[in-house]
Amino acid sequence: MFVQFNPSRVQSLTRTCSSGHRRSVHAWGKVEKGPEDPILGVTVAFNKDTHPKKINLGVGAYRDDNGKPFTLSCVKQAEERIQAKSMDHEYAPIGGVPALAKVAQELQLGADSPVIKEKRAVTIQTLSGTGALRVGADFLKRWVNAPEETRGTINVPNPTWGNHNPIFLDAGFKKVQPYRYYEPKSCGLDFEGMKADVAAAPKQSLFLFHACAHNPTGVDPTMDQWKELSKICKDRDHFVFFDLAYQGFASGDAEKDAAPVRHFIQDGHNVMIAQSYAKNFGLYGERVGTLTLLCQDAKEAEAVESQLKILVRPMYSNPPINGARIVSTILSDPELTSLWRKEVKQMADRIIGMRTAIVDNLKKFGSKRDWSHITRQIGMFCYTGLTPDQVDRYDTFNLNST
């Protein structure tokens, strides 16, 4: 059978088929390219730069003397124990690995805390500290017993971690209200301004505090100042949400770093605590954290836990198990816990030593400026007091801060 080839007919059929598959709506036509994350974008720029002496001052992760990631020995030993047990990979419960909740409460509140004995604390596993903050923000927006005037506003320090604002805004808060915190002239704490703002806020306001190693300034209140803040918050009936991202990693002493949280609880505050195990255990990519809420009694704690699970289920269903197993293995074993405390202190002491070395070398090279604020600050973040123009003279990659 002979079929004559007709080019024009083929073109017509092609146009017909193509038009039949043409999309009626350009679904993503209005999507605009967003800016780089101000924190992670620094690392992107660092990786692209080819200068042999480049320095990355933006990454929020501990590095050894060779600039390499550091894995704790206690983590390696815990991993070996987990591997030897040939554990399965089943889903964790909605609230996470149960063993983690127990050791997390003991680490945050103290093993002998009456709150634990009274079953007034509720702890769920979260996707690191960021996940704890987000679940906590959603829970606050949905359930906090506060007047309409204050329940839509979260008060945060100025400055604060760059992710705090979007976390609360995305959770439905109408406003993120900064309170005075950093004082540029002294490169220290504006405590009088902070106190005034906390006291002036409407009664039953919601406040976010960094428990230790304030990010990004490294400036913390003293324990006496924390006690004053606790009294003001109690007098004003404020609700307090602690971001505890660096317990043990700040001073090298886990109890000292948790002291502000424990004091507020002793004063009668039913606080909320977002905890991360990224920095203090070196488990950055494992995304393991916890959210703890203090309640009036065991009955209220049961109700709170049930609603947390209802909130988590459609969000991410349940958290990953590996990092939680590592942390719970370490903190449930006295030998590994002792090793962890030793190693986290080594990391903290090294950072403290680096601060001292920076100041000593600035003096050595002739600087007449007072750099004592660098050694007064604590943790892995530092406000140097340098201007952006001064920083730009060097091949450094850091956040746009003073």
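A brief structural summary. (Residues numbered from 1 in each chain as written. Predicted model: local features only at pLDDT ≥ 70, side-chain atom pairs only at ≥ 80, totals over all residues. Heavy atoms only, no water.)

### Section: the pattern of salt bridges
Scanning the model with the defined rule gives 14 salt bridges in all. As a salt-bridge pair, Glu106 and Lys102 come within 2.8 Å of each other at their nearest N and O atoms. Of this pair, Glu106 and Lys102 both sit in helix 4 (residues 98-109), four residues apart, which is roughly one turn of that helix. On the accessibility criterion, Lys102 (52% relative accessible area) is exposed. As a salt-bridge pair, Asp349 and Lys345 come within 2.6 Å of each other at their nearest N and O atoms. Taken as a pair, Asp349 and Lys345 lie in helix 14 (residues 334-364) at a separation of four residues, close to a single helical turn. Overall, Asp349 belongs to the partly exposed group, its relative accessible area being 34%. Each of Glu192, Lys195 and Glu228 takes part in a single network of salt bridges with overlapping partners. (Salt bridge = Lys/Arg side-chain N within 4 Å of Asp/Glu carboxyl O. Helix = DSSP H or I, 4+ residues; strand = E, 2+ residues; numbered from the N terminus. Buried < 20%, exposed > 50% of the residue type's maximum accessible area, 1.4 Å probe, protein only.)

### A few points about helix 4
Over its twelve residues, helix 4 extends 17 Å from the first C-alpha to the last, a length consistent with the 16 Å expected when each residue adds 1.5 Å. All of the buried residues along helix 4 are Leu100, Ala101, Val103, Ala104, Gln105, Leu107, Gln108 and Leu109. Within two residues after helix 4, Gly110 carries a phi angle of roughly 100°, on the positive side. (Expected span 1.5 Å × (residues − 1).)

### Let's talk about the environment of Lys68
Along the chain, Lys68 falls in the loop between strand 1 (55-56) and helix 3 (73-84). Once the C-alpha coordinates of Lys68 and Gly193 are considered, the two residues, 125 residues apart in sequence, prove to be 40 Å apart. Contact partners of Lys68, with chain neighbours within four places excluded, come to Tyr62 and Arg63. (Contact = heavy atoms within 4.5 Å.)

### Some points on the sheet that holds strand 9 (residues 272-276)
Strand order across the open sheet formed by seven strands is 2-10-9-8-7-3-4, with mixed pairing between neighbours. The open sheet terminates on both sides in strands that have one partner only, identified here as strand 2 (121-127) and strand 4 (175-180). Strand-to-strand twist across the sheet, computed as the mean angle between neighbouring axes with direction ignored, equals 25°. Where strand 3 (residues 153-158) and strand 7 (residues 206-210) come together, two bridges link them in parallel fashion. Residue pairing across strands places Asn155 opposite Phe207, the latter belonging to strand 7. (Pairing = 2+ DSSP bridges. Axes fitted to C-alpha atoms, helices over the stretch in contact; angles between N-to-C directions.)

### Section: the nonpolar core
One broad trend across soluble globular proteins is that nonpolar side chains are buried collectively. Formed by 64 residues in total, the largest nonpolar core has its most connected members in Phe209, Phe242, Phe264, Ile330 and Trp340. With residues up to four places along the chain from it excluded, the contact list for Phe264 reads Phe209, Trp226, Leu229, Ser230, Cys233, Val240, Phe242, His269 and Val271. Grouped together as the second largest cluster of nonpolar side chains are 33 residues, Ile167, Ala171, Phe173 and Leu308 included. (Core = buried A, V, L, I, M, F, W, Y, C linked by side-chain atoms within 4.5 Å.)

### Digging into the packing of aromatic side chains
Under the criterion given, the structure shown has 17 aromatic pairs. Ring geometry for Tyr62 versus Phe249: centroids 6.1 Å apart, planes at 85°, classification edge-to-face. Pair noted here: Tyr62 is in the loop between strand 1 and helix 3 and Phe249 is in the loop between strand 8 (239-244) and helix 11 (254-266), with a separation of 187 residues, a long-range link. The exposure class of Tyr62 is buried, given its relative accessible area of 10%. Here the aromatic rings of Phe242 and Phe264 are separated by 5.1 Å at their centres, their planes lie at 90°, and the arrangement is edge-to-face. With a gap of 22 residues between them, Phe242 in strand 8 and Phe264 in helix 11 connect regions that are remote in the sequence. The exposure classification of Phe242 matches that of Phe264, with both residues buried. Joined through ring pairs, the aromatic side chains of Tyr179, Phe207, Phe209, Trp226, Phe242 and Phe264 make up one cluster. (Phe/Tyr/Trp six-rings, centres within 6.5 Å; stacked < 30°, edge-to-face > 60°.)

### Considering the packing of helix 3 against helix 13 (residues 322-331)
As a packed pair, helix 3 and helix 13 sit with axes 9 Å apart at the nearest point and diverge in direction by 105°. Between helix 3 and helix 13, the interaxial angle falls into the category roughly perpendicular. Across the interface between the two elements, Cys74, Val75, Ala78, Glu79, Arg81 and Ile82 from helix 3 touch Arg325, Ile326, Thr329 and Ile330 from helix 13. Here the residues of the contact of helix 3 with helix 13 sort into six nonpolar, one polar and three charged. (Parallel < 35°, antiparallel > 145°, perpendicular 65-115°, else oblique. Nonpolar A, V, L, I, M, F, W, Y, C, P; charged D, E, K, R; others polar.)

### Concerning unusual backbone geometry
Of the consecutive residues Asn158 and Pro159, the connecting peptide bond is found in the cis state with omega at 5°. Structurally, the position occupied by Pro159 is in the loop between strand 3 and helix 8 (164-170). In the segment running from Asn215 into Pro216, the intervening peptide bond is cis, with an omega of 25°. Its location among the elements puts Pro216 in the loop between strand 7 and helix 10 (223-236). Not every positive phi belongs to a glycine, and Cys187 is a case in point at roughly 55°. Phi at Ala213 takes a positive value of approximately 55°, unusual for a residue other than glycine. Structurally, Ala213 is set in the loop between strand 7 and helix 10. Taking relative accessible area as the criterion, Ala213 reaches 3% and is therefore assigned buried.

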